[in-house]
Each structure stands twice: as structure tokens, then as C-alpha cells.
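Topology and contacts: notes
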Amino acid sequence: MQIDQLPDNPYLLLTPGPLTTTQSVKAAMLRDWCTWDEDYNTIVQGIRSQLAALATDQPDYTTVLMQGSGTFCVEATLITAVPKTGKLLVLANGAYGRRIAQIVQRAGIPFLLQDSGEIDPPDLNLIERALKTDAKITHVAVVHCETTTGMLNPIEAIGELVRAHGKSYIVDAMSSFGGIPIDMHAIGADFVISSANKCIQGVPGFGYIIANQTALESTKGNAASLSLDLYDQWETMESHNGKWRFTSPTHVVRAFVQALKELADEGGIKARHERYSANHQRLVAGMTSLGFTPLLEEKWQSPIITAFHSPVHPDYEFKKFYDLLKEQGFVIYPGKVTDQDTFRIGNIGDVFPEDMDALIRAVGQAMYWR
């Protein structure tokens, strides 16, 4: 089947992933691959090298690919990087930061949770105080883009504190890597985690962890899991030319190669960030003109996903609003904030400012409660 014979998307996914992908990314999945084949394993090695190069231009960084959703990769990193003799400082301001705490609690790893709510960033003074007063803390973890709200957390400033106190730094960049420039060496991150179906614009099926190799090598034997042992996965990929320990999502991997090519063709992460930012700006301008109010102050807002207050009207129902937009070719996200009624609209994927203009026209037609 040729690319021009593939069915068109019935709607744009304006979500933080899975997201709208190009026809050429989808077409890359039409060929079957053998997980043991040398050609396929060479492809895997190429992905690993390219991702490390996107994260930093410094040597001594390596990439591990892991089957499953982004949360699988977060859990694999946490249970491998943080020994049970260590202690993790978790910085949370939304559902995904709190999920980090839930993962380590289930794993029996000691942790301290600093939860700053959902509309404020982590408190740098509280972080420094904890690092000064709690000698048991060995690692710090934070979500870069907290898609509960669209908050962009200050990973650079946090990294300075972590480095100053000699701790290990874990950054969940699930929804930001590839769409926002990050130099993991400059911010002092030992582990950066993301997923194929986010800003690289691939499809769901695997995630990846980019790690300082020295930090990763020190984790041998930590994981109390077979399939989620990040060190063992890395060691196998290193010693067997890109081989995965267990069956890999071959079609998804091949689609990711095409997605990486399209990222480079667009001009790299800087150019993609500019497009996502333009999407966000066009979205906010249009929504505010219709009377909607963003949840966050602009200084904390990422270009990844934008939360809006729901209309205060007795006839407003999100599901009806959602269905009316879907009929016009747009799928948005319900809210995830615990104490405020919101909905969210993603700015990432194969989506452009003119698509946001079309969305605004659709929103105007879907405002049945006016």
C-alpha cells in the first residue's frame, strides 16, 4: 500500500500523546521485521545514538529502549537507579509527579514527597532545605512538563541544587523531550526519560531512557524486577548490538526511525519547539477571544498542552462539548486538575498554527451553551 492510499485521519488528536502522526510514519509500519535480524538491530543502535545526540553533545551518555508505555520506562528507571538503601526526593505538582511517588512506594524505596499543588512550580527553597537537612536523600526526581496542567517545571534551577549537593538527578521528560531543547549534561541530569509517541511524533509501544553511562553502570543489581531492569536491558543492547532482551515492538521501532528523520528534516528540536510554541500562542489567542481563560500563568505554561477553565454555565457539559468538536475533526482532553473544572488542548504532533485556527472556528460553533 502506498502512502497516498492510507486512510486519512478522521480527526486531529490534540492531546499530549498518542498524537497525530504523519502518513509516512504510519506507512513505515507496513513492513515486518525480525527481532534477531542484524539489519533490525543496526536500526536500534542508530536510534540509541541519535537520541543520545539529541540530549547532549557531550560523550559518555547512552540510551536504553524499553518496551511499553512511558510509565514502564519511569518505573524501570526509578527501581533501577535508586537502591533500597537510598532515598528519593520526589518533586510533584500534578498527577505524574505523584505517580513517581506511588511507584517508589510500591517498590519499597524510601522517599520524601514535596507536593507544591497543581498550579505552582516546586519550591526551590524547600528543595534546598531538604537536601541540606536530610542526608539520606541520594536522588531527586521531577517531571519536566506536567501535563496535568501544562506546567513547565524549572529543571535547570533544580539541577543546580541537585548538583551542588552531589545527588543523582532523574528528569521525567515524557512530554517535552524532542519538543523543547534540553541539554541533559548542562542541567546535570543522570537520567532523562521519554516515549516514542510524544514530541518525536512516533507511535505508542516503547519508551527510552538517556543516561549518564557512569551513573547507569553503578545501578547493576538494584532492580527487583526482571523485565524492568534498566541495567540488564542496557547491558544486553550494548553487548549484543542493539538486541532487546524480550520481544520488541518492531513496527513501532521502524516508525520511530521515520519520525526521527522527519524531526531532522523539520530543522531539529529548535524548529519543532518554535512550531509548538506558535501552535500554543495561536490557540491561547483564539480561545481567549471566545471567552476562555487559561489555567496557568503564562510564565509557567509549556507549549505542549494548555489547560483552560471550563465555562461557568449550567448547561455546559464537557462530554457534549467534546463530541461536538470531534464531529468537526478535533479531539481534545478532559481536565485532570483535582479541585478545578478544566479541559486541556494539546499543541504537539503533526499539527500546525493553521490547524489551531480551524480549531478555534470549531470551538465557536460548538459553544452550544451561549
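Just above sits the structure.
Note that residues are indexed from 1 along each chain, following the sequence as it is written. Under the rules for a predicted model, residues below a pLDDT of 70 receive no local features and side-chain atom pairs below 80 are neither given nor counted, while totals for whole chains, interfaces and linings still include all residues. Side-chain numbers come from the whole structure's heavy atoms, not from hydrogens or water.

**Structural notes on the packing of helix H2 (residues 38–55) against helix H10 (residues 250–266)**
Think of each axis as a best-fit line through the C-alpha atoms, taken over the contacting stretch in the case of a helix, with angles from 0 to 180 degrees between the N-to-C directions. Helix numbering and strand numbering both begin at the N terminus, where a helix is a DSSP run of H or I of at least 4 residues and a strand a DSSP run of E of at least 2. Two elements in contact, H2 and H10, have axes whose closest approach is 10 Å; the angle formed by their N-to-C orientations is 45 degrees. The orientation of H2 relative to H10 falls into the category oblique. As for the relative orientation of H2 and H10, their crossing is left-handed in sense. For the pair formed by H2 and H10, the contact residues are Tyr40, Ile43, Val44, Ile47, Gln50, Leu51 and Leu54 on the first element and Thr250, Val253, Arg254, Phe256, Val257, Leu260 and Leu263 on the second. Along the lines of polarity and charge, the residues of the contact of H2 with H10 split into eleven nonpolar, two polar and one charged. Put simply, angles under 35 degrees are roughly parallel, angles over 145 are roughly antiparallel, angles from 65 to 115 are roughly perpendicular, and the rest are oblique. By the definition used in this description, the sense in which the near helix is turned from the far one sets the handedness, with an anticlockwise turn below a right angle giving left-handed and a clockwise turn giving right-handed. A contact between two residues is defined here by any heavy atoms of the two lying within 4.5 Å. Classification convention: Asp, Glu, Lys, Arg as charged; Ala, Val, Leu, Ile, Met, Phe, Trp, Tyr, Cys, Pro as nonpolar; all other residues, Gly among them, as polar.

**Things to note about the state of the cysteines**
A pair of cysteine sulfur atoms is labelled a disulfide when the two atoms are within 2.5 Å. The final tally for this structure, using the stated rule, is zero disulfides. Of the cysteine sulfurs around Cys145, a residue in no disulfide, the closest is that of Cys199, at 7.9 Å. Burial classes follow relative accessibility: with a 1.4 Å probe on protein chains only, a residue under 20% of its type's maximum area counts as buried, one over 50% as exposed, and anything between as partly exposed. Take Cys145: its relative accessible area is 3%, and that puts it in the buried class.

**With respect to the sheet that holds strand E2 (residues 61–67)**
Read from one edge to the other, the open sheet built from seven strands follows the order E2-E10-E9-E8-E5-E3-E4, with strand pairing classed as mixed. With one partner strand each, in any of the chains shown, E2 and strand E4 (111–115) form the two edges of the open sheet. For this sheet, the mean inter-axis angle between neighbouring strands, taken without regard to orientation, is 20 degrees. Pairing between two strands requires that DSSP report at least two bridges joining them. Both strand E3 (residues 88–92) and E4 contribute to a ladder of five bridges, which runs parallel. Across the sheet, Leu91 pairs through a bridge with Gln114, a residue of E4. Lying on the sheet, helix H9 (residues 230–239) is in contact with E2, strand E9 (191–195) and strand E10 (206–212); it crosses E2 at an angle near 110 degrees.

**Digging into unusual backbone geometry**
Note that the residue after Gly17, namely Pro18, is joined by a cis bond; omega there is 0 degrees. Within the secondary structure, Pro18 is located in the loop between strand E1 (12–13) and helix H1 (23–27). At Asn241, a residue that is not glycine, the phi angle is positive and equals roughly 50 degrees. When its relative accessible area of 36% is taken as the criterion, Asn241 is described as partly exposed.

**With respect to the layout of surface pockets**
We place a 1 Å grid over just the protein atoms. Points where a 1.4 Å probe fits but has no way out form a cavity, open points with protein on both sides within 12 Å along at least 5 of 7 lines form a pocket, and any residue with an atom within 4 Å of a point lines it. Grid points are joined across faces, edges and corners, and a volume is the space filled by probe spheres set on the points. One number sums up the size of the largest pocket: a volume of about 340 Å³. Lining the largest pocket are 23 residues, and of these Thr71, Tyr96, Arg99, Met174 and Lys198 sit closest to its centre. At the level of elements, helix H3 (70–81) and helix H4 (95–107) are the ones that each hand at least two residues to the lining of the largest pocket. Here the lining of the largest pocket is composed, by residue class, of ten nonpolar, ten polar and three charged.

**Focus: the nonpolar core**
Generally speaking, nonpolar side chains in soluble globular proteins are found buried as a group. Nonpolar cores were defined as sets of buried Ala, Val, Leu, Ile, Met, Phe, Trp, Tyr and Cys residues, with membership established by side-chain atoms within 4.5 Å. Judged by nonpolar contacts, the single largest core of 47 residues is most densely connected at Leu51, Leu65, Tyr169, Phe177, Phe206, Tyr208 and Phe256. Among the elements that line this core, the one with the most residues is H10, at seven residues. Filtering out sequence-adjacent residues up to four positions away, Phe177 remains in contact with Leu51, Leu54, Ala55, Ile182, Val192, Ser194, Cys199, Ile200, Tyr208 and Ile210. With 31 residues, the next largest nonpolar core counts Met66, Ile100, Met174 and Tyr231 among its residues.

**As for the packing of H3 against H4**
Orientation of H3 relative to H4, taken along the N-to-C sense of each, is 50 degrees, at an axis distance of 10 Å. By the criterion of interaxial angle, the relationship of H3 to H4 is oblique. In terms of crossing hand, the pair formed by H3 and H4 is right-handed. Residue-level inspection shows Thr71, Val74, Glu75, Leu78 and Ile79 of H3 in contact with H4, the latter providing Arg99, Ile100, Ile103, Val104 and Ala107. When grouped by side-chain class, the residues that make up the contact of H3 with H4 number seven nonpolar, one polar and two charged.

**What about the side chain of Gln67?**
Along the polypeptide, Gln67 turns up in strand E2. A relative accessible area of 16% places Gln67 in the buried class. A distance of 3.2 Å separates polar atoms of two side chains, one belonging to Gln67 and the other to Gln233. Polar contact is defined as a pair of N or O atoms within 3.5 Å, subject to the rule that within protein one atom must be able to donate a hydrogen and the other to accept it, and that residues adjacent in sequence are counted only when both atoms are side-chain atoms. At a separation of 3.2 Å, a polar atom in the side chain of Gln67 contacts the main-chain carbonyl oxygen of Thr247. In this structure Gln67 touches Phe72, Gly205, Phe206, Gln233, Trp244, Phe246, Thr247, Ser248 and Pro249, once residues within four positions along its chain are discounted.

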